[in-house]
Amino acid sequence: MIKYVLIPYIALGLVLSLTIGVEYTCVGDELLPKYYGSPFVFKQKSLVTSMEYYYSVSGIVLNVLVWSIPLFAIHRYIQHLNAKKAWWIGYRIVVVLLLAFTTLNIMITSVVVGPGFQKGWNYWYIDMEENAKAYQMQCEGEWSFFVE
């Protein structure tokens, strides 16, 4: 039962840290912020300050679901191995480290999160394509490890 909570929690840490992610850069006449995804867009850099980001709730939820699937598969594979006790101790150490990593990422994110739910703002969903279309810009994404 606890694994059904821990695996999405660890997936949240992978998403927020952008361990594997996409950085979208928009090119055109206007200035648009950078967008980040893992694979869905969930994070937007503020144009006002370099220390503030806006997060999309729906993007985070979708990315957590996407990353939870391979994590569940890895967990099931390790269970299927039914390996020696030393293997399980190593696996549990890795899980504890990932839990600490996730907690640290959540704490860091809480410091840089912008005012996304004030009047007139909607951060349930970030529509990068609509913003780029409105300003006649092209946005291209590049996959990388440990984005920004």
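The rules behind the values
Residues numbered from 1 in each chain as written. Predicted model: local features only at pLDDT ≥ 70, side-chain atom pairs only at ≥ 80, totals over all residues. Heavy atoms only, no water. Pairing = 2+ DSSP bridges. Helix = DSSP H or I, 4+ residues; strand = E, 2+ residues; numbered from the N terminus. Axes fitted to C-alpha atoms, helices over the stretch in contact; angles between N-to-C directions. Buried < 20%, exposed > 50% of the residue type's maximum accessible area, 1.4 Å probe, protein only. Polar contact = N/O pair within 3.5 Å; in protein donor to acceptor, adjacent residues only side chain to side chain. Contact = heavy atoms within 4.5 Å. Patch = residues over 30% accessible without salt bridge, like charges linked within 9 Å, V, L, I, M, F, W, Y side chains within 5 Å. Areas by Shrake-Rupley, 256 points an atom, 1.4 Å probe, with all protein chains shown as cover. Salt bridge = Lys/Arg side-chain N within 4 Å of Asp/Glu carboxyl O. 1 Å grid on protein atoms, 1.4 Å probe; cavity = no way out; pocket = protein on both sides within 12 Å on 5 of 7 lines; lining within 4 Å. Points joined across faces, edges and corners; volume = space filled by probe spheres on them. Nonpolar A, V, L, I, M, F, W, Y, C, P; charged D, E, K, R; others polar. Disulfide = S-S within 2.5 Å. Parallel < 35°, antiparallel > 145°, perpendicular 65-115°, else oblique. Left-handed = near helix turned anticlockwise from the far one by under 90°. Expected span 1.5 Å × (residues − 1).

Asker: Looking at this structure, I do not really get the sheet that holds strand S1 (residues 20-27). What am I missing?
Answerer: Paired through their backbone hydrogen bonds, the strands of a sheet run either parallel or antiparallel. If you trace the 5 strands from one edge of the open sheet to the other, you get S4-S3-S2-S1-S5, paired in antiparallel fashion. On the outer flanks of this sheet lie strand S4 (53-55) and strand S5 (138-145), each paired with one strand and no other. The sheet shows a mean angle of 25° between the axes of neighbouring strands, direction not considered. Relative to S4, strand S3 (residues 41-45) runs antiparallel, the two being bridged by 3 bridges. Bridge pairing in S4 places lysine 43 opposite tyrosine 55.

Asker: It is not clear to me how the side chain of serine 17 should be interpreted in this structure. Could you clarify?
Answerer: Along the chain, serine 17 turns up in helix H1 (residues 3-17). According to the relative accessible area criterion, serine 17 is buried, its value standing at 15%. Within the structure, the side chain of serine 17 is placed 3.2 Å from the backbone oxygen of leucine 14, a separation counted as a polar contact. Setting aside residues no more than four positions away along its own chain, serine 17 makes contact with Phe101 and Asn105.

Asker: Please explain a nonpolar patch on the surface as it appears in this structure.
Answerer: On the surface, a cluster of nonpolar side chains totalling about 410 Å² of accessible area is made up of Phe40, Val61, Leu62, Leu65 and Val66. Looking at the element boundaries, leucine 62 is found in helix H2 (residues 57-81).

Asker: I'm lost on the layout of surface pockets in this one. Help?
Answerer: To locate leftover empty space, one rolls a probe as large as a water molecule over the atoms. By volume, the largest pocket amounts to about 430 Å³. What lines the largest pocket is a set of 18 residues, among which Ile7, Ile10, His75, Tyr91 and Val95 lie closest to the centre. Contributing elements (two or more residues each) for the lining of the largest pocket: H1, H2 and helix H3 (85-112). The leading source of residues in the lining of the largest pocket is H3, at 8 residues. In terms of residue class, the lining of the largest pocket is built from 13 nonpolar, 3 polar and 2 charged.

Asker: Explain the state of the cysteines here, please?
Answerer: One pass over the structure, following the stated rule, counts 1 disulfide. Across a sulfur-sulfur distance of 2.0 Å, cysteine 26 and cysteine 139 are joined as a disulfide pair. Here the S-S torsion is close to 100°, and the disulfide linking cysteine 26 with cysteine 139 is therefore right-handed. Of the two residues, cysteine 26 is situated in strand S1 and cysteine 139 in strand S5; the sequence distance between them amounts to 113 residues.

Asker: Help me out: how do you make sense of the packing of H1 against H2 in this one?
Answerer: Packed helices, taken two at a time, are described by their axes: the angle between them and the distance between them. Between H1 and H2, the least distance of the axes is 8 Å, while the angle of their chain directions is 125°. If you check the angle between H1 and H2, you find them oblique. Relative to H2, the crossing made by H1 is right-handed. Packed against H1, whose contacting residues are Lys3, Tyr4, Ile7, Pro8, Ile10, Ala11, Leu12, Leu14, Val15 and Leu16, the element H2 presents Ile60, Asn63, Val64, Trp67, Ser68, Leu71, Phe72, His75, Arg76 and Gln79 at the interface. For the contact of H1 with H2, the class distribution of residues is 14 nonpolar, 4 polar and 2 charged.

Asker: Looking at this structure, I do not really get H1. What am I missing?
Answerer: Residues separated by three or four positions in an α-helix point in the same direction, a consequence of the helix having 3.6 residues per turn. In a regular helix each residue adds 1.5 Å, so 15 residues correspond to 21 Å; H1 covers 21 Å between its end C-alpha atoms and thus fits that length. Taken as a whole, H1 has its buried residues at Ile7, Ile10, Ala11, Leu12, Gly13, Leu14, Val15, Leu16 and Ser17. In the stretch just after H1, leucine 18 is the one whose phi turns positive, near 55°.

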